[in-house]
Amino acid sequence: MGALSILSGVLALLPIICSLAVLIGLDVGRGPSSPPLFSPEQPKGPDGKPLGNGIKHKSYCDETIGISPPAVGDHYTLNPNPWNWKEGDDGSLCLNVTTFNNQTYPTDSSAPEFSVTWQYPPGPPSSPVYAYPNIKVDSGVFPNQIKKIDEMMLDFEWTYGVGNLTVETTDKKALNASNVNANVALDLFLDQDKKKAQISEDASIEIMVWFAAFGPATQPIGQSDGSLDEQELDGTKFKLYSGRNGADQFVLTWYAENPASKFHGDLMPLVDRLVEMGDTNFPTKSDYIGYMAVGTETYFSDDYVTFHVPQLAIDVHLKG
């Protein structure tokens, strides 16, 4: 019985011994530069070439340029957008974008991580904003009429810090000490005309959602006239102000008096509330939303400051 058991054990090991011998033989015949025997297939881009799994960091300084990182899911376009700054003027701004070579992000609606480092001197009171570095939704859902939109889900986390490095948390006292004047704002442009709604300069209505404002110069249009309404979303209270900007667009601003560094919720109730109010110049259900972006309006600062968005996802759902 003992001999039979030993024989059975040897027979059971034979397939394993043979497999090892084959693998060892293959490995001996391979050169030092040979590819690994077994490797997972890498994801491929539209051209069919492997993309790899690397991470890229790139900066875009003092220029207006659309940066549209490829993605498996929804698409976004980033823009440094120093629209009120000219070459030779004091101040500067750099947009820093982090992208994945394999084009995959945490969710299909996730945006690339980005940050903005800037410094500008005070500008004229009639035109105090130098730039609106932002990330714009380019998923194809806009333009669309208000009546056809069910939800505008926003998953948004950000920080603002003094210096040229990103910070973990926003220190409002440090920003005040550096005389930082800026906001964190989401921008929507609307019009009865489908084409005009897609062009920020041509749209008749602008809806802004301010998640923060730093410095005494950073005030929403119409703040001196008093608040028209108040709504609470995701634990944040927003007050409504209205007025016309220098381009004669009617601007409606939902303003959070206390910074909301994290917001996870649906913004559509703020748009629906404006329609419900029905005041002259307010949007109607038939108006088109043609443009949606998130960023920071930069007024001025004594020191360089950095706005950082480690997490952003915008997911717009249509009715029906």
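Remember, predicted model here, so these are calculated numbers, not experimental data.

Q: I would appreciate a short explanation of the environment of E201 in the present structure.
A: Within the secondary structure, E201 is located in the loop between β8 (181-191) and β9 (205-214). Considering only alpha carbons, one finds E201 and A247, 46 residues apart in sequence, at a separation of 7.7 Å. Polar contacts involving the side chain of E201 include one to the side chain of S200, which spans 3.3 Å.

Q: Hey, could you run me through the sheet that holds strand β3 (residues 92-100) in this one?
A: Strand order in this open sheet of six strands is β1-β3-β4-β16-β7-β13, and the pairing throughout is antiparallel. Sheet topology places β1 (55-61) and β13 (262-266) at the edges, where each strand pairs with a single neighbour. On average, each strand axis in the sheet is tilted by 15° relative to the strand beside it, whichever way the strands run. Pairing geometry for strand β7 (residues 149-162) and β13, over five bridges, is antiparallel. By the bridge assignment for β13, F156 is matched with F263. In this fold helix α3 (residues 268-277) packs onto β7 and β13, with an angle of close to 115° to the strand it touches most, β7.

Q: Quick question: what am I supposed to make of the environment of G265 here?
A: Looking at the element boundaries, G265 is found in strand β13. Look at G265 and you get buried, because its relative accessible area is 11%. Considering only alpha carbons, one finds G265 and M152, 113 residues apart in sequence, at a separation of 8.2 Å.

Q: What's the story with the packing of aromatic side chains in this structure? I'm lost.
A: Aromatic ring pairs are defined here through the distance separating the ring centres and the angle between the ring planes. Enumeration over the complete set of coordinates arrives at 16 aromatic pairs. Ring centres 5.8 Å apart and planes at 65° place the aromatic pair W210 and Y255 in the edge-to-face group. With W210 in strand β9 and Y255 in strand β12 (residues 250-256), this pair connects stretches of sequence that are 45 residues apart. Of the two residues examined, W210 and Y255, each falls in the buried class. Taking 5.5 Å as the distance between ring centres and 55° as the angle between the ring planes, the aromatic pair formed by F211 and F263 counts as tilted. On the criterion of sequence distance, the pair formed by F211 in strand β9 and F263 in strand β13 is long-range, its members being 52 residues apart. The buried category is assigned to F211, whose relative accessible area is 0%.

Q: Before we go on, may I ask you to explain the pattern of salt bridges in this structure?
A: Close approach of charged atoms allows side chains with opposite charge to pair. Taken as a whole, this structure holds five salt bridges when the rule is applied. Among the salt bridges present, the one from K136 reaches D138, with a minimum N-O distance of 2.8 Å. The closest approach of N and O atoms between D248 and R244, which form a salt bridge, is 3.8 Å. On the accessibility criterion, D248 (52% relative accessible area) is exposed. Taking the relative accessible area as the measure of exposure, R244 reaches 41% and is therefore partly exposed. Linked through salt bridges whose partners overlap, the residues forming this network are D229, R273 and E276.

Q: Would you explain α3 in this entry?
A: It helps to recall that an α-helix has 3.6 residues per turn; residues three or four apart then point in one direction. Among all positions of α3, only M268, L270, V271, L274, V275 and M277 are buried. Just past α3, the residue G278 takes up positive phi, approximately 65°.

Q: Whenever I open this one, the nonpolar core confuses me. Can you help?
A: Buried together is how nonpolar side chains tend to be arranged in soluble globular proteins. Residues M152, F156, W158, Y160, F211 and M292 are the most contacted members of the largest nonpolar core, which totals 65 residues. The next biggest cluster of nonpolar side chains, apart from the first, holds 10 residues, and it includes M208, V251, Y255 and F300.

Q: Sorry if this is basic, but what is going on with the state of the cysteines here?
A: Two cysteines form a disulfide when their sulfur atoms are joined by a covalent bond. This structure, assessed with the given rule, holds one disulfide. C61 shares a disulfide with C94; S-S distance 1.9 Å. Looking down the S-S bond of the C61 and C94 bridge, the torsion is 110°, so its handedness is right-handed. Taken as a pair, C61 in strand β1 and C94 in strand β3 lie far apart in primary sequence, 33 residues in all. Given a relative accessible area of 35%, C61 falls into the partly exposed group.

Q: What is the right way to read the side chain of S115 from this model?
A: Summarising the element assignment, S115 is placed in strand β4 (residues 113-119). Taking the relative accessible area as the measure of exposure, S115 reaches 10% and is therefore buried. Excluding residues within four positions of it along the chain, S115 makes contact with C94, L95, N96, T166, T306, F307 and H308.

Q: I'm lost on the pairing of strand β2 (residues 76-79) in this one. Help?
A: Remember that side chains alternate between the two faces of the sheet whenever the strand is regular. Neither face of β2 is left uncovered, since the one carrying Y76 and L78 and the one carrying T77 and N79 both have all their residues buried. Bridge count for β2 against strand β5 (residues 134-137) is four bridges, and the pairing is antiparallel. Its bridge partner lying in β5, N79 is registered against N134.

Rules and cut-offs
Sequence order as written defines residue numbering, which begins from 1 separately in each chain. This being a predicted model, a pLDDT of at least 70 is required before a residue's local features are given, and a value of 80 or more before pairs of side-chain atoms are given or counted; all residues contribute to the totals for chains, interfaces and linings. Hydrogens and water are ignored here; the side-chain numbers use all heavy atoms of the structure. By definition, any uninterrupted DSSP run of H or I lasting at least four residues is a helix, any uninterrupted run of E lasting at least two residues is a strand, and each is numbered from the N terminus. Contacts described as polar in this section are N or O atom pairs within 3.5 Å, which, within protein, must combine one atom able to donate a hydrogen with one able to accept it, while residues neighboring in sequence count only if both atoms come from side chains. Only strands that DSSP links by at least two bridges are regarded as paired with each other. Comment: axis = line fitted to C-alpha atoms, over the contacting stretch for helices; angle = value between 0 and 180 degrees taken between N-to-C directions. A contact between two residues is defined here by any heavy atoms of the two lying within 4.5 Å. When a residue's accessible area, from a 1.4 Å probe over protein chains only, is under 20% of the maximum for its type it is buried; when over 50% it is exposed; and in between it is partly exposed. Between rings of Phe, Tyr and Trp, where Trp is taken as its six-membered ring, a pair exists when centres lie within 6.5 Å; planes separated by under 30 degrees are stacked, by over 60 edge-to-face, and by other angles tilted. For salt bridges, the criterion is a side-chain nitrogen of Lys or Arg within 4 Å of an Asp or Glu carboxyl oxygen. Put simply, a nonpolar core is a bunch of buried Ala, Val, Leu, Ile, Met, Phe, Trp, Tyr and Cys residues held in one set by side-chain atoms that sit within 4.5 Å of each other. Pairs of cysteine sulfur atoms within 2.5 Å are identified as disulfides in what follows.

Interpretation in functional terms is not warranted from these geometric data alone.
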